[in-house]
Amino acid sequence: KMITLYKYQDKYANSLRASIKKGSKHLIAALSTGGGKTVIFSYMASKAIERNKTVLVFTHRAELLQQAGGTFEKFGVESEFIDAGSNPDLTKNVHVAMVETFHKRIDQYMDFLLSRDLIIIDEAHLQNFNKLLDLIPVEQVVIGFTATGIRKGRERCFSENYDEIIQEIDTPELIKLGKLTPAISYGLEIEMKGLNKGVVWNYEQKAKGEKTILFASNVKSSKQVCEEFVSHGYNARHVDGKSKDRKEIFEWFDVTPNAILCNCGIATTGFDQADILTVILYRATTSLALFLQMCGRGSRVSDTKDHFKILDFGNNIQRHGFWEQPRVWELEKAKQKPLGAAAVKICK
């Protein structure tokens with residue numbers, strides 16, 4: 001069954017095309033987590049192929065590789081994977097590539113790279129793609145997709161590689177349209193260092209028995225809080241980038257209604273699990289992008305919920321404003337302040 005684009009997704013495709021026509025070849029498409037970035041770029045890829053063009057998608061994680069490939073199939077597009085284990089057929093017209101693998105093989109892939117008509121970058125706010133962007137000429141069409149069009153500090157400015165940001169819709173409108181789930185946020189004023197028990201207690205008060213994802217600042221901290229949940233009889237597991245059983249853990253999380261998945265840095269981007277009811281931020285971050293990515297794991301729409309909860313143990317909401325506030329993204333370094341930010345008030 002073919003996918004039909006929502007009106008706002010169609011608008012993205014049209015705006016991107018219009019910008020390319022008028023000469024902006026390197027573009028960022030900014031769309032909130034859960035807004036359907038993969039759907040938009042798969043649609044654009046399918047249209048390019050209809051016109052006998054070639055498409056190359058870059059991603060940074062194996063899960064996203066599979067996800068993009070799966071969405072392509074729904075548009076009737078078959079893609080070749082370029083990852084560590086593969087020996088792809090470069091004569092085909094659609095490829096989905098792991099950025100690190102591709103870069104390692106750049107000597108053999110350089111001509112191939114330069115011959116692609118459309119290059120798509122998934123999670124374009126990440127710095128991993130800079131080294132490839134440096135090799136792509138300005139006249140080649142590149143569209144980077146991200147939920148968080150932001151670079152700050154020492155990160156490279158988007159304006160070094162991109163001409164324009166396209167942002168057609170933002171989180172508040174997506175919630176109004178029923179495409180994202182509204183959030184109820186809870187936070188603590190106290191420092192929670194080492195207070196694993198506090199996390200379990202608050203979970204029991206606010207989210208007991210709900211499918212929950214917890215973000216910790218490091219592996220040790222994630223394992224500790226996971227053990228604390230387990231010792232209280234809860235169905236919790238830990239996953240990180242080095243977990244050998246990653247696939248099995250994600251499958252367990254998928255089918256287990258009361259699962260608590262404690263993780264460090266793995267389930268932030270492109271991880272789709274629509275029935276997550278609670279997001280626990282067991283860490284502080286100064287990165288607005290990371291904050292929004294983490295909260296966004298609960299924002300996907302599901303028949304099983306009419307809202308999701310954010311339990312913030314790191315004063316992140318005080319720092320960044322609420323997840324659902326309007327934000328406008330810029331090519332230049334982070335000057336963003338949330339628009340008309342409501343001051344965060346602490347209730348008893």
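Throughout, residues of each chain are indexed from 1 in the direction in which the sequence is written. Per-residue local features are limited, in this predicted model, to residues with pLDDT of at least 70; the limit for side-chain atom pairs, both in listing and counting, is 80 or more; totals at the level of whole chains, interfaces and linings are taken over all residues. Note that the side-chain values use all heavy atoms of the structure and ignore hydrogens as well as water.

Trainee: Can you walk me through the pairing of strand S6 (residues 141–146) in this structure?
Mentor: Every other side chain in a regular strand lies on the same face of the sheet, so the side chains alternate between the two faces. The buried label goes to any residue with under 20% of its type's maximum accessible area, the exposed label to any with over 50%, and the partly exposed label to all in between, with areas taken from a 1.4 Å probe on protein chains only. Secondary structure follows DSSP: runs of H or I at least 4 residues long count as helices, runs of E at least 2 residues long count as strands, and numbering of each begins at the N terminus. Extensive coverage of S6 is indicated by the burial of six of its six residues. Burial of the side chains of S6 extends over both faces: Val 141, Ile 143 and Phe 145 are buried on one face and Val 142, Gly 144 and Thr 146 on the other. The pairing of strand S1 (residues 26–30) with S6 spans five bridges and is classified as parallel. Within S6, the residue paired with Leu 27 across the bridge is Ile 143. Note that strand S5 (residues 118–122) and S6 share five bridges and pair parallel. Looking across to S6, one finds that Ile 121 is bridged to Gly 144. The rule for pairing is simple: two strands pair if DSSP sees at least two bridges between them.

Trainee: Can you walk me through the pairing of S5 in this structure?
Mentor: Taken across its five residues, S5 has five buried, putting it largely inside the fold. On S5, burial covers both faces: Leu 118, Ile 120 and Asp 122 on one face and Ile 119 and Ile 121 on the other are all buried. Relative to S5, strand S2 (residues 55–59) runs parallel, the two sharing four bridges. If you follow Val 57 over to S5, its bridge partner there is Ile 120.

Trainee: Looking at this structure, I do not really get the packing of helix H8 (residues 196–206) against helix H9 (residues 219–231). What am I missing?
Mentor: Their axes nearest at 9 Å, the elements H8 and H9 cross at an angle of 50°. Comparing the axis directions of H8 and H9 gives the class oblique. Crossing geometry of H8 relative to H9 is assigned as right-handed. For the pair H8 and H9, contact is made by Asn 196, Lys 197, Val 199, Val 200 and Tyr 203 and by Gln 224, Val 225, Glu 228 and Phe 229, respectively. Note that Gly is not counted as nonpolar here; it falls among the polar residues with everything else outside the nonpolar set of Ala, Val, Leu, Ile, Met, Phe, Trp, Tyr, Cys and Pro and the charged set of Asp, Glu, Lys and Arg. A breakdown of the residues in the contact of H8 with H9 according to their chemical character gives five nonpolar, two polar and two charged. Each axis is a line fitted through C-alpha atoms, and for a helix only the stretch in contact is used; angles between axes span 0 to 180 degrees, taken between their N-to-C directions. When describing relative orientation, an angle under 35 degrees is termed roughly parallel and one over 145 degrees roughly antiparallel, while 65 to 115 degrees is termed roughly perpendicular and anything else oblique. Each crossing gets its handedness from the near helix: less than a right angle anticlockwise from the far helix is left-handed, clockwise is right-handed. We call two residues contacting when some pair of their heavy atoms lies within 4.5 Å.

Trainee: Just checking my understanding: could you explain the packing of aromatic side chains for this structure?
Mentor: Pairs of aromatic rings are described using the distance from one ring centre to the other and the angle between the two planes. The aromatic pairing rule takes the rings of Phe, Tyr and Trp, using the six-membered ring of Trp, and pairs them if the centres are within 6.5 Å, calling planes under 30 degrees apart stacked, those over 60 edge-to-face and the rest tilted. Under the counting rule described, the total for this entry stands at 15 aromatic pairs. Centroid distance Phe 102 to Tyr 109: 4.9 Å. Interplanar angle 40°. Geometry classified as tilted. With respect to class, Phe 102 is no different from Tyr 109; both count as buried. For the pair Tyr 282 and Phe 313, a centre-to-centre distance of 6.4 Å together with 75° between the ring planes defines the contact as edge-to-face. Residue Tyr 282 is found in strand S12 (residues 278–282), and its partner Phe 313 is found in the loop between strand S13 (308–312) and helix H12 (316–320); the two are separated by 31 residues along the sequence. For the pair Tyr 282 and Phe 313, a shared accessibility class is recorded, and that class is buried. Above the plane of the ring of Trp 252 lies Arg 237, whose end atom (NZ or CZ) is 5.3 Å from the centre. We call a charge positioned above a ring when the Lys NZ or Arg CZ atom is no farther than 6 Å from the ring centre and deviates by at most 35 degrees from the ring normal.

Trainee: Sorry if this is basic, but what is going on with empty space enclosed by the protein here?
Mentor: Empty pockets left among the atoms are what a rolling probe the size of a water molecule brings to light. Method remark: on a 1 Å grid restricted to protein atoms, a set of points is classed as a cavity if a 1.4 Å probe fits but cannot get out and as a pocket if it is open with protein on both sides within 12 Å along at least five of seven lines; lining residues have an atom within 4 Å of a point. Grid points are joined across faces, edges and corners, and a volume is the space filled by probe spheres set on the points. The tally for this structure, following the rule as stated, stands at one cavity of 30 Å³ or more. Here the largest cavity is characterised by a volume of approximately 140 Å³. Forming the walls of the largest cavity are 17 residues, and the residues nearest its centre are Ser 32, Ala 147, Thr 171, Leu 292 and Trp 329. In terms of residue class, the lining of the largest cavity is built from seven nonpolar, eight polar and two charged.

Trainee: Help me understand helix H3 (residues 62–74) in this model?
Mentor: Along an α-helix, a turn takes 3.6 residues, which lines up residues three or four apart on a common side. With 13 residues, H3 should cover 18 Å at 1.5 Å per step; its first-to-last C-alpha distance of 19 Å lies within 8% of that length. Residues of H3 that are buried in the fold lie against helix H2 (37–50), S2, strand S3 (80–82), strand S4 (94–98) and S5. The positive-phi residue at the C-terminal boundary of H3 is Gly 76, with phi of around 70°. Every helix has an expected span of 1.5 Å times one less than the residues it contains.

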